[in-house]
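# Fold and contact review
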Amino acid sequence: DSIRIGGASGYWGDSDMALPQFLKAGGLDYIVFDYLAEITMSIMARQRAKDPAQGYAADFVSGLKPHLKEIARQKVKILSNAGGVNPRACGEAMRAVVKAAGLDLKVAVVEGDDLLARAGELGGVKEMYSADAFPAPERLASINAYFGGFPIAEALKHGADIVITGRSVDSAVTLGACIHAFGWSREDVDRLAAGSLCGHVLECGAQATGGNFTDWESVAETMWEIGYPIAEIGADGIFTVTK
């Protein structure tokens, strides 16, 4: 009837405090990580240009590594867009640490957002506000389409324990969990909208649970234990957020 999802990361470089807190509390079905912004994608594209094995959030892999056995024991699913511009490399790195830990966690990689090879098809596209022409292909570092929750749900359907994507919508990791858990279809627009709203709260990480408090100096001594958001969402799309 409902699932519980923890939002463990609001941006690339966020604190790694959330995952151990969530695992200590227990009782979660999914933990989601959001790493990507437009500027993040450009930084990762430069990394990939220097080294074809880079271009993803390496701290996602290193952050999960110490907790993999507990993740497996609790059977909590991990969903993340940590793949950046190189989701396959991120998946390979994650499979390596899973194997080294002697675990049988299935790691799925969702690809399809990288459109750099199709740059030549986009010559007629113009910038929506300025009407500037599309850059020449040789000047492009990356082109990525945002995909939603359905490919993530498909990976879960095939038994994935950890799902890594490239450029998904920030809320897609949460929405994908909901689609999988509740069997929502593309026609369930009200429920999809509710799941997307829930996802946009969780992808803010601790910014959703007090991090945007403007009088921060009054709680400076306890700000470090701010806590990260947990959403309980039902099959009807109604959700509550605690921490």
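Use the structure listed above.
Report follows, based on the coordinates. (Residues numbered from 1 in each chain as written. Predicted model: local features only at pLDDT ≥ 70, side-chain atom pairs only at ≥ 80, totals over all residues. Heavy atoms only, no water.)

### Quick look at the overall build of the protein chain
Using the following cut-off: To qualify as a helix, a DSSP run of H or I must reach at least 4 residues; to qualify as a strand, a run of E must reach at least 2; elements of each kind are numbered from the N terminus. Atoms considered for the radius of gyration are the C-alpha atoms alone. The globule rule reads 2.2 Å times the number of residues to the power 0.38. Burial status follows relative accessibility: with a 1.4 Å probe on protein chains alone, a residue under 20% of its type maximum counts as buried, one over 50% as exposed, and anything between as partly exposed. We get accessible surface area from the Shrake-Rupley algorithm with a probe of 1.4 Å; when it comes to residues, only the shown protein chains can shield them. Charge assignment in this entry is limited to Lys and Arg as positive and Asp and Glu as negative, and neither His nor the chain termini are counted. To locate a charge, take NZ of a lysine, CZ of an arginine, CG of an aspartate or CD of a glutamate.
In terms of regular secondary structure, the protein chain is built from 8 helices and 7 strands. Over its C-alpha atoms the protein chain spans a radius of gyration of 18 Å, differing by no more than 12% from the 18 Å that the globule rule assigns to 243 residues. When its C-alpha atoms are laid out on the principal axes, the protein chain stretches across 50 × 45 × 45 Å. Relative to its full complement of 243 residues, the protein chain shows a buried share of 44%. Of the roughly 12500 Å² of accessible surface on the protein chain, a fraction of 54% belongs to carbon and sulfur atoms. Side chains of the protein chain carry 22 positive and 31 negative charges; the gap between the two charge centres is 8 Å.

### A look at the pattern of salt bridges
Rule in force here: The salt bridge criterion pairs a side-chain nitrogen of Lys or Arg with a carboxyl oxygen of Asp or Glu, the two atoms within 4 Å.
Within this structure, the stated rule accounts for 8 salt bridges. In this structure, Arg167 engages Glu38 in a salt bridge whose closest nitrogen and oxygen atoms are separated by 3.4 Å. Placement of the pair is Arg167 in the loop between strand 5 (162-165) and helix 7 (172-182) and Glu38 in helix 2 (residues 38-50), with a sequence separation of 129 residues. Here Glu38 falls in the exposed class, since its relative accessible area comes to 52%. Between Glu121 and Arg118 there is a salt bridge, with the nearest N and O atoms lying 3.2 Å from each other.

### Here we look at the nonpolar core
As a rule of thumb, nonpolar side chains are buried together in soluble globular proteins. Applicable threshold: Put simply, a nonpolar core is a bunch of buried Ala, Val, Leu, Ile, Met, Phe, Trp, Tyr and Cys residues held in one set by side-chain atoms that sit within 4.5 Å of each other. Any two residues whose heavy atoms approach within 4.5 Å at even a single point are treated as in contact.
Core analysis: the largest hydrophobic core is formed by 37 residues, its most contacted members being Ile31, Phe33, Phe60, Leu64, Met94 and Ile162. Those elements that place two or more of their residues in this core are helix 1 (18-25), strand 2 (30-33), helix 2, helix 3 (58-64), helix 4 (68-74), helix 5 (87-100) and strand 5. By residue number, the principal contributor to this core is helix 5, which donates 6 residues. When neighbours within four sequence positions are excluded, Phe60 is seen to be in contact with Phe33, Tyr35, Ile78, Ser80, Ala82, Cys90, Met94, Ile162 and Ile164.

### Overview of the side chain of Asp161
Heads up, the rule is: Pairs of N or O atoms are called polar contacts if they sit within 3.5 Å, as long as, within protein, a hydrogen donor faces a hydrogen acceptor (for residues adjacent in sequence, only side-chain-to-side-chain pairs).
Mapped onto the secondary structure, Asp161 falls in the loop between helix 6 (150-157) and strand 5. We classify Asp161 as buried; its relative accessible area is 17%. Here Lys77 takes part through its side chain, which lies 3.2 Å from a polar atom of the side chain of Asp161. Apart from the residues within four sequence positions on either side, Asp161 is in contact with Val76, Lys77, Ile78, Asp104, Leu105 and Lys106.

### Overview of the packing of aromatic side chains
For clarity, the threshold we go by: Between the rings of Phe, Tyr and Trp (Trp by its six-membered ring), a pair exists once the centres lie within 6.5 Å; its type follows the angle of the planes, with under 30 degrees stacked, over 60 edge-to-face, and the other angles tilted. Placement of a positive charge over a ring is assigned whenever Lys NZ or Arg CZ falls within 6 Å of the ring centre and within 35 degrees of the normal to the ring plane.
In total, this model carries 4 aromatic pairs according to the counting rule given. Taken together, a centroid distance of 5.4 Å and an interplanar angle of 35° make the contact between Phe182 and Trp184 tilted. In this pair, the class of Phe182 matches that of Trp184, namely buried. Members of the aromatic cluster, joined through ring pairs, are Phe33, Tyr35 and Phe60. The side chain of Arg186 reaches across the aromatic face of Phe150, ending 4.1 Å from its centre.

### What about the packing of helix 7 against helix 8 (residues 189-202)?
For clarity, the cut-off: Note on definitions: angles span 0 to 180 degrees between N-to-C directions of axes, and those axes are lines fitted to C-alpha atoms, for helices only across the stretch in contact. Angles are sorted into four bins: roughly parallel if under 35 degrees, roughly antiparallel if over 145, roughly perpendicular if 65 to 115, and oblique for all others. Should the near helix be turned anticlockwise from the far one by less than a right angle, the crossing is left-handed, and should it be turned clockwise, the crossing is right-handed.
Put simply, helix 7 and helix 8 touch, their axes get as near as 7 Å, and they point 140° apart. As summarised for this structure, helix 7 and helix 8 are arranged oblique, according to the angle between their axes. Helix-helix and strand crossings are classified by hand; for helix 7 and helix 8 the assignment is right-handed. Counting all contacts with helix 7, which are made through Thr174, Leu175 and Ile179, the residues of helix 8 involved are Leu192, Gly195, Ser196, Cys198, Gly199 and Leu202.

### What to know about the environment of Ala145
In this structure, Ala145 sits in the loop between strand 4 (107-110) and helix 6. With 13 residues separating them along the chain, Ala145 and Asp132 place their C-alpha atoms 19 Å apart. Once you skip the residues sitting within four places of it in the chain, Ala145 turns out to touch Asp113, Leu115 and Arg167.

### Considerations on helix 8
Cut-off, in case you're wondering: In this analysis, the expected span of each helix is defined as 1.5 Å times one less than the number of residues it contains. What the arc describes is the spread of directions from the helix axis to the C-beta atoms.
End to end, helix 8 covers 20 Å across 14 residues, agreeing with the expected 20 Å (1.5 Å per residue, within 8%). Among all positions of helix 8, only Leu192, Ala194, Gly195, Cys198, Gly199 and Leu202 are buried. The buried residues of helix 8 occupy an angular sector of 160° when the element is viewed end-on, so they sit on one face. Turned more than 90 degrees away from the buried face of helix 8 sit Val189, Asp190 and Leu197, all of them exposed.

### Looking at the sheet that holds strand 6 (residues 230-234)
Quick note on the threshold: For two strands to pair, DSSP has to find at least two bridges joining them.
A sheet is described by the order of its strands in space; here 7 strands give the open sequence 4-5-3-2-1-6-7, paired in mixed fashion. The sheet is open, and its two edges are formed by strand 4 and strand 7 (239-242), each paired on a single side. Averaged over all pairs of adjacent strands, the angle between their axes in this sheet comes to 20°, without regard to strand direction. For strand 1 (residues 2-9) and strand 6, the ladder comprises 5 bridges, and the chain directions are antiparallel. Bridging from a neighbouring strand, Ile3 pairs with Ile233 of strand 6. Packed onto the sheet, helix 6 meets strand 2, strand 3 (77-80), strand 4 and strand 5 and runs at close to 150° relative to strand 5.

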